[in-house]
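Structure assessment
The primary structure of each chain is shown beneath.
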Amino acid sequence: MNILGIETSCDETSAAVVQDGSRILSNVVSSQIDVHRPYGGVVPELASRNHLQLIDEVIRQALDGHDFDAVAATYGPGLASSLLIGLNTGKGIAFATGKPFIAINHMEAHLYSPVMDAPDELPMVSLIVSGGHTILVYATGIGQHRILGQTIDDAAGEAFDKVAKLLKLGYPGGPEIDRLAKGGNPSAIPFPRSMMDSYDFSFSGLKTSVLYFLRRSDLPVANLSGAATGRSLLQDICASFQEAVVDVLVSKTIRAAEECRVRTVSASGGVSINSRFRERLAEECKERGLRLLLAPAALCTDNAAMIAALAFHKLPSDFSVDVAPSIGLGVAA
């Protein structure tokens, strides 16, 4: 069975065709990074306008040479004006073709993206870590999961972008911090690790700590990457900040796996591409004999393939848009 998936929850316009929940026949993603970069973040008005301009062509490219038996689209969480574009387009295509329509929760799709080819690996403890969400989940089967903890303020990806903005590194900030951190000392600056006794996450204090460090150093941000000593300081700040985030993410994920007595750990979402996060999580899992499943990089950022893949498993029972999702992974903005 081929399912056409549509994803427009934020600033990527994406359409994909996935066969039987695992074989990706097409996955077209049109990014708006260049549109939003001058503003240092996503502007909802611009995002929705670009979705309107792009969605027909993106879907056409995804369907090139492929038929479909059902349509799936993201219904939340995300930017309301962006979600409406993909959701209504998907419903319209389903109505016009007489095909079933499946509404998919964006975070649930991220949750199961690492097990598209290995559903037998459940139960597992999974970390969903992205620009807008940081959620730790215990999953026993597809559609059967329980949230252990989630962010109470800034998500990890949001913290990366805000710290990058403080350091004038541009947008998106995560990849640039990752790159600079490779040349820095992760122990140079003792940035805080918050809420370590809980499965919930808080990164706002860490972000503020970086701000206060910059103020105390009394060195203009513009000079951090100037001379050799300045360049080293910038790298140390990036490495120390990144290590603080990774410490929190990895330690809580491993502790949850041990307490839930699972043998499989997974991670997904845009921040899970971070090289230090992947390195640390792999090391900790290997040390404890845990199987680690990481979503491929192409499925970590927003994409329609994960939407179509999850829809395959929901097809027999879910043909309509839920007014309020019951799975507990967030609601539409």
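Here the structure is shown first, and the text comes after it.
So, a few notes on the structure that sits alongside this text. Along each chain, residue indices are assigned from 1 in the same order as the chain's sequence is written. pLDDT decides what is reported in this predicted model: residues at 70 or higher carry local features, side-chain atom pairs at 80 or more are listed and counted, and totals for whole chains, interfaces and linings draw on all residues regardless. Calculated side-chain values reflect all of the structure's heavy atoms, with hydrogen atoms and water omitted.

**Looking at the pattern of salt bridges**
To keep things clear, this is the line we draw: Salt bridges are counted wherever a side-chain nitrogen of Lys or Arg sits within 4 Å of a carboxyl oxygen of Asp or Glu. Elements are defined by DSSP. Helices are runs of H or I of four residues or more, strands are runs of E of two residues or more, and each kind is numbered from the N terminus. Burial here depends on accessible area, computed with a 1.4 Å probe over protein chains only, as a share of the maximum for the residue type. Under 20% is buried, over 50% is exposed, and the range in between is partly exposed.
All chains considered together, the criterion is met by 18 salt bridges. Note that Glu258 and Arg288 form a salt bridge whose closest N and O atoms lie 2.9 Å from each other. In this pair, Glu258 sits in helix H8 (residues 228-260) while Arg288 sits in helix H9 (residues 275-288), placing the two residues 30 residues apart along the sequence. Note on Arg288: relative accessible area 30%, which makes it partly exposed. Three or more residues are tied together by salt bridges with common partners; here these are Arg193, Glu243, Asp247, Arg276, Glu279 and Arg280.

**Quick notes on the packing of helix H5 (residues 156-166) against helix H7 (residues 204-217)**
Condition: Orientation is described by axes fitted as lines to C-alpha atoms, over the contacting stretch for helices, and by angles from 0 to 180 degrees between their N-to-C directions. Every angle not falling under 35 degrees, over 145, or within 65 to 115 is termed oblique; those three ranges are roughly parallel, roughly antiparallel and roughly perpendicular. Take the far helix as the reference: if the near one is turned anticlockwise from it by less than a right angle, the crossing is left-handed, and if turned clockwise, right-handed. By the convention used here, residues are in contact when the closest approach between their heavy atoms is within 4.5 Å.
With their axes 10 Å apart at the nearest point, H5 and H7 run at an angle of 10° to one another. Here H5 lies roughly parallel to H7, going by the angle between them. The chirality of how H5 crosses H7 is right-handed. Contact with H5, carried on its side by Lys162, Val163 and Leu166, involves Lys207, Val210, Leu211 and Leu214 of H7 and no other residues of that element.

**Remarks on empty space enclosed by the protein**
Note the threshold: Of the grid points, spaced at 1 Å and generated over the protein atoms alone, those admitting a 1.4 Å probe that cannot get out make up cavities, while open sets with protein on both sides within 12 Å along at least five of seven lines make up pockets; any residue with an atom within 4 Å of a point is treated as lining. Grid points are joined across faces, edges and corners, and a volume is the space filled by probe spheres set on the points.
The tally for this structure, following the rule as stated, stands at 1 cavity of 30 Å³ or more. Roughly 70 Å³ of volume is contained in the largest cavity. Every residue along the wall of the largest cavity is listed here: Gly21, Ala109, Tyr112, Ser113, Val115, Met116, Ile142, Met306, Ala309, Leu310 and His313. Breaking the lining of the largest cavity down by element, the ones donating at least two residues are helix H4 (106-112) and helix H10 (305-314).

**Thoughts on the side chain of Arg276**
What counts, and what does not: N or O atoms closer than or at 3.5 Å make up a polar contact, with two conditions inside protein: a donor-capable atom paired with an acceptor-capable one, and, for residues adjacent in sequence, both atoms drawn from side chains.
Considering the arrangement of structural elements, one finds Arg276 in helix H9. Polar contacts involving the side chain of Arg276 include one to the side chain of Glu243, which spans 2.9 Å. Ignoring anything within four residues of it in the chain, the contact list for Arg276 reads Asp178, Gln242, Glu243 and Val246.

**A few points about the sheet that holds strand E3 (residues 23-31)**
How we decide: Strand pairing is defined by DSSP finding a minimum of two bridges between the two strands.
An order of E3-E2-E1-E4-E5 is seen for the 5 strands of this open sheet, with the pairing classed as mixed. Pairing within the sheet leaves two strands with one partner each, and these edge strands are E3 and strand E5 (101-105). Across the sheet, the mean angle from the axis of one strand to that of its neighbour is 20°, orientation sign disregarded. When strand E1 (residues 2-7) meets strand E4 (residues 70-76), the two strands line up parallel, connected through 4 bridges.

So yeah, pure geometry; function would need other evidence.
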